[in-house]
Amino acid sequence: MFRSANFLLVLLLLFLLTTPIMALDTAKVKLVTQTQAWGQVVIGLILEYNCEIDPSQVSPSLFYVLANRVNEYGGEISPRTITKVYTNNAPSLTAKPVPGKYVIIELNANDTNAGTIYYDFAKGGFNFDYSLEYTVIQRENLKSIDGKIIPAGSFVGRERINLIVDEFKNDIYKKGDKELPYSLFIPNNYDANKSYPLVVFLHGAGERGYANQMPLKANEGAVVWASEMVQSQYPCFVLAPPVSSKFIMDRSMGWETI
């Protein structure tokens, strides 16, 4: 029995010495957001490893996700609901998973802590961005296709990929001493020799915010026109100017002044 125990110990040491183990800091995390009818939410996370992951190794039970949303009133840390986990060869969500170095974690968009913005009545009824930090806990070791071991651990992500919103150009229109920030979507494969419709989204009180892109985040009134579904049939420009934050105090400051 003693010899058997020694033999097993030798085998274990050989396994540990011959199996490559990756460092914990090799997984990068990015948040994927999407603007829904009720506002922008985090719908998924992209984990980037430095090697291709064995697809059979990943499942929702392997990971645990914590969302930390912070504003000037404090913060809240609470779990998110994982709906799907799969691998991909590109940093994006997909309906057709393939082997790759990216692990995609899809989240329930209806989670109460999924939102990226908050509406502040105390400040005149404006929207503000949360400072977001997501922690992904990998409960068990992962194995790559070539046999590398990625130890269990935790990874933190703050960088965001804002679907459709990131495709808008943000600038400021100036006329005399007046300025108006705006977000503009330019059709894919734009041809200067062709004419395109211009959709102008003038938001309501619920989409006001100090950030230039807030009308694109508060609801889907503007971004729906820039979606692939609409653009594939009706390519068009989409213009979304936010009303000045001074308008709430001075009614002479508005879209009509430019």
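Residues numbered from 1 in each chain as written. Predicted model: local features only at pLDDT ≥ 70, side-chain atom pairs only at ≥ 80, totals over all residues. Heavy atoms only, no water.

**Some words on the overall build of the protein**
Turning to step 1, where the next piece is worked out: What the protein contains, in helices and strands, is three helices and 17 strands.
Turning to step 2, where the next piece is worked out: For the protein, the residues scored as buried account for 41% of the 258 residues in total.
Turning to step 3, where the next piece is worked out: Summed over its atoms, the accessible surface of the protein is roughly 14,500 Å², and 56% of this surface lies on carbon and sulfur atoms. (Helix = DSSP H or I, 4+ residues; strand = E, 2+ residues; numbered from the N terminus. Buried < 20%, exposed > 50% of the residue type's maximum accessible area, 1.4 Å probe, protein only. Areas by Shrake-Rupley, 256 points an atom, 1.4 Å probe, with all protein chains shown as cover.)

**Re the pairing of strand S4 (residues 74-79)**
Turning to step 1, where the next piece is worked out: Relative to S4, strand S3 (residues 63-71) is paired through six bridges, and the arrangement is antiparallel. Directly across from Arg69, in S4, lies its bridge partner Glu76. (Pairing = 2+ DSSP bridges.)

**Description of the packing of aromatic side chains**
Turning to step 1, where the next piece is worked out: Enumeration according to the criterion identifies eight aromatic pairs in this entry.
Turning to step 2, where the next piece is worked out: On the numbers, 6.2 Å between centres and 85° between planes, the contact of Tyr49 with Phe155 is edge-to-face. Taken together, the positions of Tyr49 in strand S2 (residues 39-53) and Phe155 in strand S12 (residues 153-157) put the pair 106 residues apart, joining distant regions of the chain. No difference in accessibility class separates Tyr49 from Phe155, as the two residues are buried.
Turning to step 3, where the next piece is worked out: On the numbers, 4.9 Å between centres and 45° between planes, the contact of Tyr118 with Tyr130 is tilted. Of this pair, Tyr118 sits in strand S7 (residues 117-120) while Tyr130 sits in the loop between strand S8 (126-129) and strand S9 (131-138); the two residues are 12 residues apart in sequence, bridging distant segments of the chain. Here the two residues Tyr118 and Tyr130 agree in accessibility, since each one is buried.
Turning to step 4, where the next piece is worked out: Site record: aromatic cluster; members linked through ring pairs are Tyr118, Phe128 and Tyr130. (Phe/Tyr/Trp six-rings, centres within 6.5 Å; stacked < 30°, edge-to-face > 60°.)

**Digging into the pattern of salt bridges**
Turning to step 1, where the next piece is worked out: Following the criterion strictly, the structure yields 10 salt bridges and no others.
Turning to step 2, where the next piece is worked out: A salt bridge links Lys217 to Asp129; its shortest N-O distance comes to 3.0 Å. Here Asp129 lies in strand S8 and Lys217 lies in helix H2 (residues 214-218), a separation of 88 residues in the sequence. (Salt bridge = Lys/Arg side-chain N within 4 Å of Asp/Glu carboxyl O.)

**What to know about the environment of Ala90**
Turning to step 1, where the next piece is worked out: With respect to the helices and strands, the residue Ala90 is situated in the loop between strand S5 (82-88) and strand S6 (100-107).
Turning to step 2, where the next piece is worked out: Given the relative accessible area of 26%, Ala90 is considered partly exposed.
Turning to step 3, where the next piece is worked out: In the structure, Ala90 is positioned 11 residues away from Lys101 in sequence and 8.0 Å away in space, judged by C-alpha atoms.
Turning to step 4, where the next piece is worked out: Leave out the neighbours within four places in its chain, and Ala90 touches Tyr102 and Ile104. (Contact = heavy atoms within 4.5 Å.)

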